[in-house]
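# Fold and geometry: a report
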2 protein chains.
Amino acid sequence: MTNWVYNFGDGSAEGKASMKNLLGGKGANLAEMSNLGLPVPPGFTITTEVCTAFYDNDNNYPSDLESQVKASIAVIEKTVGAVFGDEENPLLVSVRSGARVSMPGMMDTVLNLGLNDKTVEALAKKSGDERFAYDSYRRFIQMYSDVVLGVEGYIFEEILEIHKEEKGYVLDTELEAEDWKFICKAYEVKTEQELGMPFPQDVNEQLWGAIDAVFGSWMIDRAITYRRLNNIPHTWGTAVNVQSMVFGNMGDDCATGVAFTRDPSTGENAYYGEYLINAQGEDVVAGIRTPQNLTKISRLAAGSNMPSMEESMPSVYNELADVFQRLEAHYRDMQDIEFTVQQGKLWILQTRSGKRTAPAALKIAVEMVHNNIITKEEALLRVDPAALDQLLHPTLDPDAQRDILTKGLPASPGAASGMVVFNADEAEELSKDGKDVILVRIETSPEDIHGMHAARGILTSRGGMTSHAAVVARGMGRPCVSGAGALYINMGERTITVGGRTLNNHEIITIDGGTGEVMAGTVATIKPQLGEHFNELMGWADAVRTLKVRTNAETPLDALAAREFGAEGIGLCRTEHMFFDAERIINVRQMIMSETEINRRAALEKLLPVQRNDFIELFTIMKGLPVTVRLLDPPLHEFLPRAEEDYIDVANAMGVDIKFLKRRAEELHEFNPMLGHRGCRLGISFPEIYEMQARAIIEAALEVSKTLGEVIIPEIMVPLVGTRKELAILRELICKVADEIIKNSGTNLNYMVGTMIELPRAALQAAEIAHEAEFFSFGTNDLTQTTYGISRDDSGHFLDDYLKADIYEQDPFVTIDKDGVGQLMKIGVERGRATRPEIKIGICGEHGGDPASVEFCHTLGLDYVSCSPYRVPIARLAAAQAALR
Amino acid sequence: MTNWVYNFGDGSAEGKASMKNLLGGKGANLAEMSNLGLPVPPGFTITTEVCTAFYDNDNNYPSDLESQVKASIAVIEKTVGAVFGDEENPLLVSVRSGARVSMPGMMDTVLNLGLNDKTVEALAKKSGDERFAYDSYRRFIQMYSDVVLGVEGYIFEEILEIHKEEKGYVLDTELEAEDWKFICKAYEVKTEQELGMPFPQDVNEQLWGAIDAVFGSWMIDRAITYRRLNNIPHTWGTAVNVQSMVFGNMGDDCATGVAFTRDPSTGENAYYGEYLINAQGEDVVAGIRTPQNLTKISRLAAGSNMPSMEESMPSVYNELADVFQRLEAHYRDMQDIEFTVQQGKLWILQTRSGKRTAPAALKIAVEMVHNNIITKEEALLRVDPAALDQLLHPTLDPDAQRDILTKGLPASPGAASGMVVFNADEAEELSKDGKDVILVRIETSPEDIHGMHAARGILTSRGGMTSHAAVVARGMGRPCVSGAGALYINMGERTITVGGRTLNNHEIITIDGGTGEVMAGTVATIKPQLGEHFNELMGWADAVRTLKVRTNAETPLDALAAREFGAEGIGLCRTEHMFFDAERIINVRQMIMSETEINRRAALEKLLPVQRNDFIELFTIMKGLPVTVRLLDPPLHEFLPRAEEDYIDVANAMGVDIKFLKRRAEELHEFNPMLGHRGCRLGISFPEIYEMQARAIIEAALEVSKTLGEVIIPEIMVPLVGTRKELAILRELICKVADEIIKNSGTNLNYMVGTMIELPRAALQAAEIAHEAEFFSFGTNDLTQTTYGISRDDSGHFLDDYLKADIYEQDPFVTIDKDGVGQLMKIGVERGRATRPEIKIGICGEHGGDPASVEFCHTLGLDYVSCSPYRVPIARLAAAQAALR
């Protein structure tokens, strides 16, 4: 016989904390607290398996559930000394949902269940408080009608309002027992009118109605949506907790409250909470009365003159404080506790690990280690790596006023204010003059990069979470709001129109890349503070993780930031980003526009010293840490002139007709540039480009080796390889250039040649490709694009529909798709290592900074992940967690 | 000890015909003929393994090769009764290359080797013909100097020309023995001047020089290029044949010739060949004298009065005819034979299976079955499926005059003449008026399809062998020349400029899609004749093949053509092609431009009856054969208006402002449409489109089932699926529509829902997807694009570089890449069948009509291939060959 129901209360329970999957979080913790001997109102939990069975069997319960529930009710009756539905000494219960993880406000609760026209009188008699009894009954009728019977709440509010008006009352507290009695009757009549049948008087009918409603609420739309947004499987189901009622509203020796064992905002080790005398739990939430502080210290800090619980109920408070200590010590984590005081007696209604901000999580975890409550390993597992993002970027001051214009996508976290600027060059100029600017574009392109770097934040009206703007901004640690479609950006007139308002060039706006909000004017921000706790935790993380963490960086600024965040090398230096500098672009354009090798070589000759200098700077900053340089990757037309004056400049520099340039630009046009003439295909067609880059890398490494006295081992990476032969040809080319330079230098230098694995074919052919590659780096952006056949830049057209239809559990451009892309990675690793067991394998796609993906990379046995500088700490912690799991 | 050298001649040999890989084609057949007792000049073959060993060991021979060659020379000496280098009775030899497959003219040959200043005198004395001896010697000096010593031939031609001028000779035949003696001396002097050392007199030095040259010629550029173009691996190597010389130029009882045992053009069973009296083999080729017919019948047919060999040398001819019969009977195939008659004695120098035209191959194979020479299975393997293309398209009359303007890519076979027309609508109009037109575009788009259909041929100045124009033209069986870059097409003025000439609108041109030639004016063509042999062979093919062959077709014309060619169903009906019809496009555009579902549904309502009619026509033509209909696949913007007047039309029809339309068009723009909002992503975003299509299919099937009394089982195919969930959602949608219609019809109808497997992720997730799919169809065009990360449309920018650099063995868009795409297909088949063993699996990419890919599909165990109508016979034969192999 399956046990569908688990009892708890009275100093013991059938369940325990570790049975969360079966009993839900609330139920498991109620059982655990009962076992600890804490004062828990007795009750029972109907398991999540009932929920699953219910939905698997066309909304039918297991046949033996009813008898088990009946037996458990009898257990409560015996413990409490009251009888369910009894007209003299009635037992009242609450019915609450309780899933494996908390889904706040998503599902239904019914309180005071067991009241009817008869038992309400008994309750009045027994409590000696008729007003309390009828107040409880009217609350029950309203709640039950709403939750179980589907009668909307406003209907009851109306009745109450009309009665109050008639009587000249303002506050609910003015209503007397007779008023509530009248209201109860009116509610019952109204319910019958609405439903065509009387309000149920049978307490068992009430009970099953409520149980049905809780299980039913698992599949209502908002619950489904919540689970989708939080990646909670629908198959988990919810439990139902039936518990005898305790009342915080039976007089001034009663109270109700919520508390945290530490401060959930700051992590400070001090009790934190609120309570209300003579109230039910819902009153605290409803905000009709202002809750009072729990402790005296906090009351003083808040400047309140309402007595704290510590002062007004010192003995119960001490009892409560004792419970706090026992629960925190028992669970070895900060607890979020609900309690009720009924006529001087303390009851604990719920405990759970408390939600906390990132700084609090950090502080609590580290301090608990210091106090020997938890181990370093546990501390590492307590902090959500993704939440570290909060620590690394400025955030808006929550108390500041906001004039919200619209909301776009929260594409890159952090907040920033600045002047609206519509083009990258102006952004750069103004920034040089010390101005804060927000770069506003319909969409960005690689040519905007210098402007994005110069800006405090980026705002676009088009493109998704993984658009160019979003990806680059995250890489740079710049706040970004993308795809704010309500903005009409007029590039000609340099205005933004939104909701009838028009903002001009250089007006100030503020963006919050964490929420997607766009605001007029300046909104104050709070600077991030990393502090000692951060560094200490990171140190522990470094000690346990086996995955190395590198960064994707090509500018000295990025490289420096990444080193500060603990990067152990550069996993991806995108040389094309170096090409966009205003001083260089004209030479780059000359190179691209040339139709002959001779002319291309002439342009490359001018680029060589500049690129060499770039690498000298990077190698110097990285001081001997590994640096992987990717040779030119994007389709050439990304570098093409755009404006007419650009064409004129290039035409003059090359001494050719502008018509020739335009025809050449047309020739370079591609229908699907992502699948076009890019990556190593450029190296095959124009070997002189890769030759120049190899030369720049090797010459720089030689020079820095000499200057710094460090051993520099540059890693030269060939992008977009699909066949062994491609890499073989380019490897030969690179080695020829490199070996000659090294030979002529008279010194020694080791270097490596490797490749990106970013095409399905490369993963499948990894055994062959590994013959030519000393390292692999998974380019999971492109690999995701090709495996799914989806261009990141265009996915905005349908990604919303896909997430809504629950087709993707996660955005595959954010978290590695294990079932597709991940399989190819696994094949790539296995086959690559079969050929060359010592091959170094990493990842340098955006996924390298996503905690779930970092864990996957750990299980694949990669050597390192590489991510944008601002995600390095996240990756370090995620790697540590992966190693611990 | 490895046997590096194999002897032959004198009625026996160490090798045989089956040893081609070791002895090369020529060597193996010389051995085989020796074993047959045919008169073969004795000699030996140095194996291809020597060639491989030579290149593997830094151009060094195996150490024991020299002694083996020496021993074999001794065997020849003994057989012939002459001694190599002997000054009284010298042995002369030829040294020839001979690879596994014939590489005509690619590698080197040296004749008359063994002559020097002494042996030439002996030859003169022994032959009694001083002129012959010195003529042979001067030929040897020139050939050896050219081939082995690298002295260019024109230097010797000059000496000969000067001598002839001085003597007043016109023809070589006028030179006397003394002249040749003088010439030989002059040649020797010249060689010494050029090389700084005397012409080698040591016959062994001569022999090794020639052997070196033959092995060396394996790696010269033109040989490498030839192998690349013909997919011959470099590792095969060549053999070297050293054979005693026989002379067809020792007098009028001598002759030389080449012959086929049947007519290689027509396949007629009659000897076919040419000969020359008193000549060496090279004279036949050089074209100095006109060769004579072999048989009397052919002489009469040619109206020649030069005696045939049958008449002039009746006894040798009879001997030769006997050899023809023996060789054809022995090899059981038409033979291509070289022979020499020396002083009345017949020598056979070479035999091999003769190259032949497609009609000849067909006729010979079928007749040989009729005559019980070969089995039907052998006949099937004798005909190259790809060559059938020649039979299915009109070809240019080879005798017609051609005014060639330029040459583009041979994108779709066949030849056509017609008026130059620059847009699709005009092409359609003129074609309706009975005019033949050639549609000329810079590049084509799906909107040109009606014009392409109406045209006799298509010419573009841009795009490769796999551009839109090429793919669609092949699908329709229209000749197409693509990427003719030398054409300057001025769309505004409607002119084509090429090489200084300008062609106006409506001028006549001719294109040859088999060669890529573009010609001015009309060139006569020859119509294809399939005939009985074709039908008989196809019947045999159908009996042995296990793969079904379907066609890709959406128009009644295509479907009818495909049925005539033996298609067993439609594997791919691309519904979007039906949308481009002029009458419909406005409704399609309305649907796309609508921002609301209601407006989209209104437009779809108008499209429904039209689509239903399309399907009624197709189902009626296909008479119960399976028809797979793919739901809408391409990105919506492909249907957008282009010209201003199109915008006006749509704006009027929709009653909206043109500005709105343009903004909407801009919104639909995609950076990489191939990876964008297309395929089933449209069905997810706009379910109403797929609903309409499902409705049209099911209603049509119901109607045709009733009218025809045939059971129609439509197969509804969802494109571009990457996850199980996508298909699950759309399957439910389709089934809901379909089941309701069927229920309301009161009759019964079975239908299937399946999907394309055209993304790497779909192949990897095939086990999951198969839960929702009753059939799979591999879309290898898209699968190749995503596996390689290469857009077909853009590959033109680098494909040439790739083929030159030997990176791709074959164009992966023509033949399935087994190592990448093929692996994914294998995974897809295995995983799909694991879930659903009875799942029907086919292929409908372009590869379905490529013989090598058809064979691969057979080994994968697919159920069918689907290809364009004109490739159906090719696929039928290829499938039969695959089953036989």
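Quick notes on the rules
- Residues numbered from 1 in each chain as written.
- Chains lettered and ligands numbered in written order.
- Predicted model: local features only at pLDDT ≥ 70, side-chain atom pairs only at ≥ 80, totals over all residues.
- Heavy atoms only, no water.
- Pairing = 2+ DSSP bridges.
- Helix = DSSP H or I, 4+ residues; strand = E, 2+ residues; numbered from the N terminus.
- Contact = heavy atoms within 4.5 Å.
- Axes fitted to C-alpha atoms, helices over the stretch in contact; angles between N-to-C directions.
- Least-squares fit on C-alpha atoms with pLDDT ≥ 70 in both.
- Buried < 20%, exposed > 50% of the residue type's maximum accessible area, 1.4 Å probe, protein only.
- pLDDT = per-residue confidence, 0-100.
- Arc of directions from axis to C-beta.
- Buried area = accessible area lost by both parts, 1.4 Å probe.
- Salt bridge = Lys/Arg side-chain N within 4 Å of Asp/Glu carboxyl O.
- Polar contact = N/O pair within 3.5 Å; in protein donor to acceptor, adjacent residues only side chain to side chain.
- Nonpolar A, V, L, I, M, F, W, Y, C, P; charged D, E, K, R; others polar.
- Disulfide = S-S within 2.5 Å.

## Observations regarding the sheet that holds strand E12 (residues 335–342) of chain B
All names here are of chain B.
- One open sheet holds the five strands; their spatial order is E11-E10-E9-E12-E13, and the pairing between them is antiparallel. On the outer flanks of this sheet lie strand E11 (292–293) and strand E13 (345–353), each paired with one strand and no other.
- The pairing of strand E9 (residues 255–260) with E12 spans six bridges and is classified as antiparallel. Across the sheet, Thr 256 pairs through a bridge with Thr 340, a residue of E12.
- Lying over the sheet, helix H13 (residues 314–331) contacts E9, E12 and E13, oriented at roughly 30° with respect to E13.

## Observations concerning the relation of the copies chain A and chain B
- Superposing chain A onto chain B takes a rotation of 180° combined with a translation of 0.1 Å along the rotation axis, leaving an RMSD of 0.2 Å. Classification of the inter-copy transformation places it as that of a two-fold axis.
- A share of 100% of interface residues in chain A that are also interface residues in chain B marks the association as one of identical surfaces.

## Notes on the environment of Asn 116 of chain B
All names here are of chain B.
- Relative to the elements of secondary structure, Asn 116 occurs in the loop between strand E7 (109–113) and helix H4 (119–127).
- A residue is classified by how much of its surface remains accessible, and Asn 116, at 8% relative accessible area, is buried.
- Residues Asn 116 and Glu 703, 587 residues apart in the sequence, show an inter-C-alpha distance of 89 Å.
- Leave out the neighbours within four places in its chain, and Asn 116 touches Tyr 137, Gln 201, Val 203 and Gln 206.

## Re the confidence of the model for chain A
- On average, chain A scores 90 in pLDDT, and the residues at 70 or more come to 98%.
- Two summary scores accompany this predicted model of the complex, namely pTM at 0.82 and ipTM at 0.80.

## Some remarks on helix H24 (residues 644–654) of chain A
Residue and element names in this part refer to chain A.
- Among all positions of H24, only Asp 646, Tyr 647, Val 650, Ala 651 and Met 654 are buried. Taken end-on, H24 shows its buried residues confined to a sector of 130°, consistent with a single buried face. In H24, the exposed positions angled more than 90 degrees off the buried face are occupied by Glu 645 and Asn 652.
- Backbone geometry just downstream of H24 places Gly 655 in the positive-phi region, at approximately 65°.

## Considerations on the interface of chain A and chain B
- Between chain A and chain B, the contact holds 50 residues from the first and 50 residues from the second.
- Overall, the association of chain A and chain B removes approximately 4500 Å² of surface from exposure, summing both partners, and the carbon and sulfur fraction of that is 55%.
- The largest per-residue losses of area from chain A upon contact with chain B belong to Phe 671, Leu 675 and Arg 761 of chain A, which jointly make up 15% of the total buried on that side.
- Between chain A and chain B we count two salt bridges in total.
- In this structure, the salt-bridge partner of Arg 761 of chain A is Asp 817 of chain B, at a minimum N-O distance of 2.6 Å.
- Where chain A packs against chain B, one counts 26 residue pairs in polar contact (both at pLDDT 80 or more).
- Every element with two or more residues in the side of chain A that touches chain B is listed here: helix H25 (658–668), helix H26 (680–685), helix H28 (724–745), helix H29 (760–764), helix H31 (780–788), helix H32 (799–804) and helix H33 (821–835) of chain A.
- Grouping the amino acids of the side of chain A that touches chain B by side-chain chemistry returns 19 nonpolar, 15 polar and 16 charged.

## Digging into the pattern of salt bridges
- Summed over the entire model, instances satisfying the criterion amount to 98 salt bridges over all chains.
- The closest approach of N and O atoms between Arg 600 of chain A and Glu 688 of chain A, which form a salt bridge, is 2.5 Å. Here Glu 688 of chain A lies in helix H27 (residues 687–708) and Arg 600 of chain A lies in helix H23 (residues 597–622), a separation of 88 residues in the sequence. This pair shows no difference in class: Arg 600 of chain A is buried, exactly as Glu 688 of chain A is.
- For Arg 630 of chain B, the salt bridge identified is with Glu 576 of chain B, shortest N-O distance 2.6 Å.

## Here we look at the state of the cysteines
- Applying the stated rule across the entire model yields zero disulfides over all chains.
- Cysteine Cys 867 of chain A shares no disulfide, and the gap to the nearest cysteine sulfur, in Cys 857 of chain A, comes to 11 Å.
- Cys 844 of chain B carries a free sulfur, and the closest cysteine sulfur to it, the one in Cys 857 of chain B, is 11 Å from it.
- Residue class for Cys 844 of chain B comes out buried when judged on its relative accessible area of 4%.

## Overview of the side chain of Arg 678 of chain A
All names here are of chain A.
- Within the element layout of this structure, Arg 678 appears in the loop between H25 and H26.
- Judged by its relative accessible area of 3%, Arg 678 falls in the buried class.
- Within the local environment of Arg 678, its side chain forms a polar contact with the side chain of Asp 633, the two groups lying 3.1 Å apart.
- In this structure the side chain of Arg 678 is engaged in a polar contact, spanning 3.1 Å, whose partner is the side chain of Asp 782.
- Among all residues touching Arg 678, those that are not within four sequence positions of it are Asp 633, Pro 634, Pro 635, Pro 673, Leu 720 and Asp 782.

## Remarks on unusual backbone geometry
- Of note, Asn 59 of chain A is a non-glycine position whose phi angle comes to about 60°, a positive value.
- Assessed through its relative accessible area of 46%, Asn 59 of chain A is described here as partly exposed.

## Section: the environment of Asn 21 of chain A
Residue and element names in this part refer to chain A.
- With respect to the secondary-structure elements, Asn 21 resides in helix H1 (residues 20–35).
- Overall, Asn 21 belongs to the partly exposed group, its relative accessible area being 45%.
- When the C-alpha atoms of Asn 21 and Phe 339 are compared, they prove to be 24 Å apart, with 318 residues separating the residues in sequence.
- The residues touching Asn 21, leaving out its near neighbours within four places in the chain, are Thr 48 and Arg 100.

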